[in-house]
Structures are given as structure tokens and as C-alpha cells.
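Chain by chain, the residues run as shown.
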Amino acid sequence: MNPASLTELIAYSRKNRIGVGMFNIVNLEFAQAIFDASQETGLPVMFGIPERFTQFYSEVCMTQVCKKMIESAKAPIAIHLDHGKSFKGVMSALRTGYSSVMFDGSSLDYEENVKQSAEIVKIAHAMGVSVEGELGYVGRAGTDELTPDSFTKPDQAEDFVRRTGVDALAIAIGNQHGQYKGIPKLDFDRLKAIREKVDCGLVLHGGSGIAPQDFVEAIRCGINKVNIYTAMDTVAKNFTRASFADFGAYLDYTRGLTAVVRDVVKEHMELFASAKIN
Ligand SMILES: [Zn+2]
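Residues numbered from 1 in each chain as written. Predicted model: local features only at pLDDT ≥ 70, side-chain atom pairs only at ≥ 80, totals over all residues. Heavy atoms only, no water.

1. A look at the overall build of the protein chain
For the record, the criterion: Secondary structure elements are taken from DSSP: a helix is a run of H or I of four residues or more, a strand is a run of E of two residues or more, and numbering for both begins at the N terminus. To get the radius of gyration, use the C-alpha atoms; to get the globule rule, take the number of residues to the power 0.38 and multiply by 2.2 Å. Burial status follows relative accessibility: with a 1.4 Å probe on protein chains alone, a residue under 20% of its type maximum counts as buried, one over 50% as exposed, and anything between as partly exposed. Only heavy atoms enter the contact rule, under which two residues are in contact if any of them lie within 4.5 Å. Reported accessibility uses the Shrake-Rupley method at a 1.4 Å probe radius. Residues are deemed covered only where the shown protein chains occlude them. Only four residue types enter the tally: Lys and Arg on the positive side, Asp and Glu on the negative side; His and the chain ends are excluded. A charged residue contributes its charge at one atom only: NZ of Lys, CZ of Arg, CG of Asp or CD of Glu.
Scanning the protein chain from terminus to terminus reveals 10 helices and eight strands. Against the compact-globule benchmark of 19 Å for 278 residues, the protein chain has a radius of gyration of 18 Å, which places it among compact chains. Seen through its principal axes, the protein chain has C-alpha atoms that stretch 55 × 40 × 40 Å. Across the 278 residues of the protein chain, 56% fall into the buried class. The contacts of the protein chain with a sequence gap of at least 6 include a subset with a gap of at least 24, amounting to 73%. Per element, the accessible surface of the protein chain, about 12,400 Å² overall, is 52% carbon and sulfur. Here the protein chain contributes 30 positively and 34 negatively charged side chains, and the mean placements of these two sets differ by 2 Å.

As C-alpha cells, then:
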């Protein structure tokens, strides 16, 4: 199998009425865990490579590893650039062979976000790669204040999608990256209003920590893709701390790490798939 595009996975999400998870890769164990979760559940998934992580490993090597895994995949899998912050970073991802890219212009002013996103869409589409944009500001729990002003506005979302041609849009509806203090409250009315205004895929970032029933509700209200990272980071840290007490062969530790990360990925994938109404 070849890597799937974001557009293919959004079409899968719509047809099967489930959410597709995107999970970030920290190292080879995380990549293996995400792949194993997809193989064991038969569900599609997205490998996420955040632009900021590529200072810690070679995106060329990691992309090749992902591609090799995908050759024997049972379900469609995409290789996605998460939070591409610069034109240069997105161009590097396109050259490297990602099948999907995100350009996050959410910290730019609106017109500049439209301009840069549209430019990237034009180039990526010519190469057969789909693009996710971001409108509204998701930010980080504990760092950025959550105000309705930073939420995605439905009319502006319509204008943004029409002018840029993005295939998917990351929206801010009360979700934030990192560790929430308590259970976040998502603005479902806003989500439904955005869904009515745009036809592209909708993406929920900052998924870790959202209540299970809220994930299901968000997917039923129109979310197609959910990004998860903090939940994997948390289980990996807890497993590593616990391993210090009884440290055997390093190989046993890495096998154990892959297994705990795989389990948390599977749990989320199965939850997102449970949104389907029969
Ligand atoms: Zn994000």
C-alpha cells in the first residue's frame, strides 16, 4: 500500500462516520506502536510528524520508516506534517514525501494566514498532497488563555476555506494542546455552525484529556480527524518511571514502551470508531 492522503482519510471518515486519529511520533517505538495499533484494529490512522520534532530526528529517515511500514498495512495510513509553521518547513515536508501537510498560520493575522495558506495549497495540490489549515487559535493549556475571541468563527471559516482551498481545517472550540486542568468544555453549537458553513474536513487538536463522550459527540457533530499526543507522552513517562524500579534488559524496556503506547493509541482509535451510529 502507498501512504494515504488526508483527503482519502477524510472521505473514509465521512463514509464510515468515524473519526480518524493522528498520533505524533517521538521515536521509532512510537512509530511502531501507531502502526501496530492500526494493524490490530484494522482502522486507518495518521502518523504525525510535528515540524518542531524534526530537530530531534531526521524527517527523511522517519518518513522512510513510515513508508516501509505502510507497504504491509491492512488499513489506509497517512504520513502527516503536524503544525508546519513556515513556508520552508512545509516545502521540506513536500520534498521528503509526506502524503499530507498542515500549515499552521493561526498566529498570523487573518489576511496573512489566508495568503500563505492559499500559496501552500496551490503547490501541495500540484504535487498530489492535501493540506490542513488552522483558523482560530488552539494554543496551549496553562500558557494561552482560553477566550471565545480565540475560537473559530463560522463565517470566517467559510471565507477561509473558500479563499485558500484547504482540504481540512483545524478549529478552536474550547480545545487546547497539552495537559488540561480539569475536563475541557467544547462549544458544540459552534462546531455545528462551522460544519454547516464548510465542506472540508474538520480537525480537533489538543485531543488528550477530552472526555470520551465529548470525542464521540464532536465526531457526530462533524469532526473527521483528531490529534493525540499528550496521552501518549503521559503513558510513556509513567512506564519509564515505573521501569526504573526493576530495570532488566534495555530491549525489554523498549518492547514494553511500544506496547503501552500502542495500547493508548488503540484505545483512542476504537473510541473514535465508536462514534458511528448504526
Ligand atoms: Zn495541534
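Text resumes after the structure shown.
2. Here's the deal with the packing of aromatic side chains
Here is the rule we go by: Working definition: rings of Phe, Tyr and Trp (its six-membered ring) pair if their centres are within 6.5 Å, and the pair is stacked with planes under 30 degrees apart, edge-to-face with planes over 60 apart, and tilted otherwise.
On inspection of all chains with the given rule, the structure shows five aromatic pairs. Each ring, one from tyrosine 110 and one from phenylalanine 160, has its centre 6.3 Å from the other, and the planes form 45 degrees; the classification is tilted. Of this pair, tyrosine 110 sits in helix 5 (residues 110-126) while phenylalanine 160 is found in helix 6 (residues 154-164), placing the two residues 50 residues apart along the sequence. The same class applies to tyrosine 110 as to phenylalanine 160, namely buried. Summarising the aromatic geometry, the rings of phenylalanine 239 and tyrosine 253 are spaced 5.7 Å apart at their centres and angled 15 degrees between planes, so their arrangement reads as stacked. In this pair, phenylalanine 239 is assigned in helix 9 (residues 230-245) and tyrosine 253 in helix 10 (residues 250-273), connecting sequence segments 14 residues apart. Ring-pair connections join several aromatic residues into one group, and the members of that group are Phe239, Tyr250 and Tyr253.

3. Structural notes on the environment of arginine 255
Its place among the elements puts arginine 255 in helix 10. Here the alpha-carbon distance between arginine 255 and glutamate 29, two residues 226 residues apart in the chain, equals 7.9 Å.

4. Comments concerning the coordination of the zinc ion
Under perfect tetrahedral coordination by four donors, a metal shows angles of 109.5 degrees; under perfect octahedral coordination by six donors, it shows angles of 90 or 180 degrees. Rule in force here: Ligating atoms shown are N, O and S within 2.8 Å of the metal, or 3.2 Å for Na, K and Ca, and water is not included, meaning a site may look less than complete.
Around the zinc ion, the donor atoms from the protein are His83 (NE2), His177 (NE2) and His205 (ND1), and they sit 2.0 Å away. Going along the chain, you hit the donors of the zinc ion in the pattern H-x93-H-x27-H. You can see histidine 83 sitting in strand 3 (residues 77-84) and its partner histidine 177 sitting in the loop between strand 6 (168-171) and helix 7 (188-197), a full 94 residues away along the chain. The burial state of histidine 83 is the same as that of histidine 177; both residues are buried.

5. A word on unusual backbone geometry
For arginine 17, which is not glycine, the phi torsion reads 55 degrees and is therefore positive. As for its position among the elements, arginine 17 is in the loop between helix 1 (6-16) and strand 1 (20-24). Although it is not a glycine, histidine 83 sits at a positive phi angle of roughly 50 degrees.

6. Topic: the sheet that holds strand 4 (residues 100-103)
Rules: Paired strands are those between which DSSP finds at least two bridges. Helix axes use the C-alpha atoms of the stretch in contact, all axes being lines fitted to C-alpha atoms, and the angles between their N-to-C directions lie in the range 0 to 180 degrees.
With respect to topology, eight strands assemble into a closed barrel ordered 1-2-3-4-5-6-7-8, the strand pairing being parallel. The sheet shows a mean angle of 25 degrees between the axes of neighbouring strands, direction not considered. Relative to strand 7 (residues 201-204), strand 6 is paired through four bridges, and the arrangement is parallel. Pairing of alanine 170 across the sheet is with valine 203, part of strand 7. This element, helix 2 (residues 28-41), spans strand 1, strand 2 (45-50) and strand 3 of the sheet and lies at about 165 degrees to strand 2. The sheet contacts of helix 4 (residues 87-96) involve strand 3 and strand 4, and relative to strand 4 the element is tilted by about 180 degrees.

7. Side note on the nonpolar core
Applicable threshold: Grouping buried Ala, Val, Leu, Ile, Met, Phe, Trp, Tyr and Cys residues that are joined through side-chain atoms within 4.5 Å yields what is termed a nonpolar core.
One finds Phe23, Ile25, Phe47, Val101, Leu169, Leu191 and Met232 to be the most contacted residues of the largest nonpolar core, which totals 75 residues. Top contributing element to this core by residue count: helix 10, with eight residues. Judged by nonpolar contacts, the second largest core, of 12 residues, contains Leu6, Val20, Met22 and Ala170.

8. Observations concerning the side chain of serine 100
Secondary-structure assignment places serine 100 in strand 4. Note on serine 100: relative accessible area 0%, which makes it buried.

9. Observations regarding the environment of isoleucine 210
By the element assignment, isoleucine 210 lies in the loop between strand 7 and helix 8 (212-220). The spatial distance from the C-alpha of isoleucine 210 to the C-alpha of lysine 185 is 8.3 Å, given a sequence separation of 25 residues.

10. Observations concerning the pairing of strand 3
Selection criterion: Orient the strands so they point away from the viewer; a crossover is then right-handed if the path from the first strand over the helix to the second runs clockwise.
Taking burial as the measure, the eight residues of strand 3 include eight buried ones, the bulk of the element. Where strand 2 meets strand 3, six bridges bridge the pair, whose relative direction is parallel. Bridging from a neighbouring strand, glycine 48 pairs with histidine 80 of strand 3. A crossover connection joins strand 2 to the parallel strand 3 through helix 3 (residues 59-71); in handedness this β-α-β unit is right-handed. In this structure, strand 3 lies alongside strand 4, joined through three bridges in parallel fashion. Bridge pairing in strand 4 places histidine 80 opposite serine 100.

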